[in-house]
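Letter by letter, the chains look like this.
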Amino acid sequence: MCGICGSLSLDAGAADPGLLRRMIGTIRHRGPDATGVYTDGAVGLGHARLSIIDVAGGSQPMQIADGPLWITFNGEIFNYIELREELIRKGHRFATRSDTEVILHLYQEEGERCVERLNGQWAFAIWDANRRKLFLSRDRLGVRPLFYTRTADRFLFASEIKALLACPGVDCALDLEALDQIFTFWVTLPPRTAFRNIQQLPPGHSLVVEDGRIRVSAYWRLDFTPEEPAEGSAERLGAELLELLRDATRIRLRSDVPVGAYLSGGLDSTVVTALAREAAGDRLRTFSVSFDEAEFDESAYQREASAFLGTQHSDVRCSHEEIAEVFPDVVWHAEQPVLRTAPAPLFLLSRLVRESGFKVVLSGEGADEMFGGYDIFKEAKIRRFWGRSPESAWRPLLLKRLYPYMNGIQRQPAAYLQRFFHVRAEDLENPFFSHLPRWELTSKLKMLLSDEARAETGAYAALRESLPDSFGAWAPFHQAEYLETAHLLPGYILSSQGDRVAMAHSVEGRYPFLDHRVVEFAAKLPPRLKMKVLDQKHLLKHAARGLIPESIRRRHKQPYRAPDGQSFLGTPGGYAEEMLSPGRIRRDGIFDSKAVSALVRKFRTGRETSTKDNMALVGVLSTEILMDRFVHRRPSGQISEEDQFAAHGMRR
């Protein structure tokens, strides 16, 4: 895992090594072990290294042996050993044991299509000197980030936006249309980011800069179109799934440094930990988050899973004060507004991992999206069931049972629930039916926007335009899975709650459920094997029999949540009060100061607050922090002389 950056002059000018060093300086947290810079005329590549595979020989930027190819690479290629052996049989000769060099030789052999052979999580750039071509690629599911922009005379790219903002000529302003999307979907729709004129390379895409032109193309797409009806018993399919997961976990243990695991106490992380324990054989270190409040805490299940699997377990207990303390740093790393505080405990967790001497952890992300684990899938099924008999008095009670922790829903009459959950006939035909309640609730946050900021609308139209041509032919359950996996997963779960808070402390997350073989297997499963009646992740639970504690295999999913609004306004004079003050709000001009003041008073006076209120407070606060840390105090990217020449030093 690393941080990468680079520039390509578009006007025959030379690359600036000093600029590359400034870019690397902003993302040195991603790679504290070494830095390197390579320049060759118009092109420059930069790298900050977190040493995991071939610690001694994998320095970057890396050149193919005496050849015209250079690479700067962030991530891991988990099938690099098999690819390396294949390339050796074809006559390739290697100078290192690194997966980085495998990518170079595979590109030399197969060109841009080399990415189709990779099993991993990556963002990289290859400079092909003979063709004067810059080739960028991002992994299929968007585990690793990659951003780019174009100025009057340069194409620039980096692992994080702050590295681009360290460059002269790059605009530093929030994108109001992006805010409209975040205050609807929680995420921006690629290639848009929270910053104007800065793009993200979408998951599963590659980009080429050649002859001054930029070309972006997809090499992989998430597809729920069944090739043929999935036949066979749950027994056979469960066994096939378990073998896929077993191999996905095995290759994700490839590392020259110790590998730990996150153990939340839920089904997914416990399955991954069990398979890792099975493959590694040694006493495995596991890590988790716990809370004082029972509604958030899963520590009893974490202890049970650890005892069953024989792991050495550590946890970080999160208080309101700690969440508030680290939240500005969380936003700095997330580089976009967030609507929940959930990334903050994971920021503290990755700090614990690093302080415990680990750089790599396995985690269970991806299972909920691909195997039907989220309550939103169950909710959509119940809503369709109610919609077929809208006058039923008992069907809406199923929704109240689904969300026992949401007091507002418990008190509402059926007529309100029918409107809130969108169960009218016209709603059932909406392609976004599964997500309408969530998105419509989130959209109410826009009432806090100023008149100027609220003028930017069109989130639903943008999403509709991005849907695959085959989306309408998929089963409703698969449509819901696509919306989660294609957007919330890379845009929030793997970003604000994943890469950003982990790499803030130089920790790499690895996700067996996001092995593309597992994802493609899951995409072809019929909905009935993912949710049998209302039993979520039915096939995965079937496959996990005997592997994990029965109580965890059978337990109802507890959504990962953390204390929100009450974390910030309990102590007078804190930074939140300043960020949310009328003067600050009026200065930045994004929100209506009167509306924000009314929201703040609601929290200060101890009145009952709703899910919407909590999202609103966190969303406004994180946006104001973003303005403060990026727009008003633009990243500069200072780097020490020692860092400039760390490890193999600067290459020219």
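Since the model is a prediction, treat every value here as computed from it, not as a measurement.

## Digging into helix 10 (residues 343-355)
Link 1 in the chain: Taking 1.5 Å of rise per residue, 13 residues should cover 18 Å, and helix 10 covers 19 Å from first to last C-alpha, within 8% of that figure.
Link 2 in the chain: With 10 of 13 residues buried, helix 10 lies mostly within the body of the structure.
Link 3 in the chain: Pro-343, Ala-344, Pro-345, Leu-346, Phe-347, Leu-348, Leu-349, Ser-350, Leu-352 and Val-353 are the residues of helix 10 that are buried.
Link 4 in the chain: Gly-357 lies just past helix 10 and shows a positive phi near 90°.

## Focus on the domain arrangement of the chain
Link 1 in the chain: In terms of domains, the chain is made up of domain 1 (2-220), domain 2 (234-371 + 483-554), domain 3 (384-473) and domain 4 (566-632).
Link 2 in the chain: Look at where the C-alpha atoms of domain 3 and domain 4 centre, and you get two points 26 Å apart.
Link 3 in the chain: Taken residue by residue, the interface counts 13 residues in domain 3 and 13 residues in domain 4.
Link 4 in the chain: When domain 3 packs against domain 4, the two sides together hide about 970 Å² of surface, and 70% of this comes from carbon and sulfur.
Link 5 in the chain: Of all residues in domain 3, Leu-441, Leu-445 and Leu-448 give up the largest surface area on contact with domain 4, accounting jointly for 52% of the area buried on that side.
Link 6 in the chain: For the pair domain 3 and domain 4, the interface holds 1 salt bridge.
Link 7 in the chain: A salt bridge links Arg-411 to Glu-608, with the nearest nitrogen and oxygen atoms 3.4 Å apart.
Link 8 in the chain: Applying the counting criterion to the domain 3 and domain 4 interface returns 4 residue pairs in polar contact (both at pLDDT 80 or more).
Link 9 in the chain: Within the residue set of the side of domain 3 that touches domain 4, elements represented by two or more residues are helix 14 (407-411), helix 17 (436-443) and helix 18 (451-454).

## Concerning helix 12 (residues 375-387)
Link 1 in the chain: With 13 residues, helix 12 extends 18 Å between its outermost C-alpha atoms, agreeing within 8% with the 18 Å of an ideal straight helix rising 1.5 Å per residue.
Link 2 in the chain: Within helix 12, 10 of the 13 residues are buried, leaving the element largely enclosed by the surrounding structure.
Link 3 in the chain: Of all the residues in helix 12, the buried ones are Asp-375, Ile-376, Phe-377, Lys-378, Glu-379, Ala-380, Ile-382, Arg-383, Trp-386 and Gly-387.

## Points about the side chain of Gln-60
Link 1 in the chain: Take Gln-60: it is sitting in the loop between strand 3 (43-49) and strand 4 (62-63).
Link 2 in the chain: Overall, Gln-60 belongs to the buried group, its relative accessible area being 4%.
Link 3 in the chain: For Gln-60, the side chain forms a polar contact with the main-chain nitrogen of Phe-73, separated by 2.6 Å.

## Re the packing of helix 9 (residues 320-334) against helix 10
Link 1 in the chain: Here helix 9 crosses helix 10 at 90°, and the two axes come no closer than 8 Å. Here helix 10 runs roughly perpendicular to helix 9, going by the angle between their axes. Where helix 9 approaches helix 10, its residues Glu-322, Ile-323, Val-326, Asp-329, Val-330 and His-333 are matched on the opposing element by Pro-343, Ala-344, Pro-345, Phe-347 and Leu-348.

## Description of the sheet that holds strand 4
Link 1 in the chain: A sheet is described by the order of its strands in space; here 6 strands give the open sequence 4-5-6-7-11-12, paired in antiparallel fashion. The open sheet has two edge strands, strand 4 and strand 12 (213-218), and neither has a second partner.
Link 2 in the chain: Pairing analysis gives 6 bridges linking strand 6 (residues 120-128) to strand 7 (residues 133-138), with the strands arranged antiparallel. When the bridges of strand 7 are listed, Ala-125 appears paired with Leu-136.

## Here's the deal with the pairing of strand 14 (residues 285-291)
Link 1 in the chain: Across the 7 residues that make up strand 14, a large majority, 7, are buried.
Link 2 in the chain: Burial along strand 14 is two-sided: the residues Arg-285, Phe-287, Val-289 and Phe-291 and Thr-286, Ser-288 and Ser-290 are all buried.
Link 3 in the chain: Pairing between strand 13 (residues 259-262) and strand 14: 2 bridges, direction parallel. Across the sheet, Tyr-262 pairs through a bridge with Phe-287, a residue of strand 14.
Link 4 in the chain: A crossover links strand 14 with its parallel partner strand 15 (residues 312-318), the connecting element being helix 8 (residues 299-309), and its sense is right-handed.

Parameters and conventions
- Residues numbered from 1 in each chain as written.
- Predicted model: local features only at pLDDT ≥ 70, side-chain atom pairs only at ≥ 80, totals over all residues.
- Heavy atoms only, no water.
- Helix = DSSP H or I, 4+ residues; strand = E, 2+ residues; numbered from the N terminus.
- Expected span 1.5 Å × (residues − 1).
- Buried < 20%, exposed > 50% of the residue type's maximum accessible area, 1.4 Å probe, protein only.
- Domains from an automatic or database assignment.
- Contact = heavy atoms within 4.5 Å.
- Buried area = accessible area lost by both parts, 1.4 Å probe.
- Salt bridge = Lys/Arg side-chain N within 4 Å of Asp/Glu carboxyl O.
- Polar contact = N/O pair within 3.5 Å; in protein donor to acceptor, adjacent residues only side chain to side chain.
- Axes fitted to C-alpha atoms, helices over the stretch in contact; angles between N-to-C directions.
- Parallel < 35°, antiparallel > 145°, perpendicular 65-115°, else oblique.
- Pairing = 2+ DSSP bridges.
- Right-handed = clockwise from strand over helix to strand, strands pointing away.

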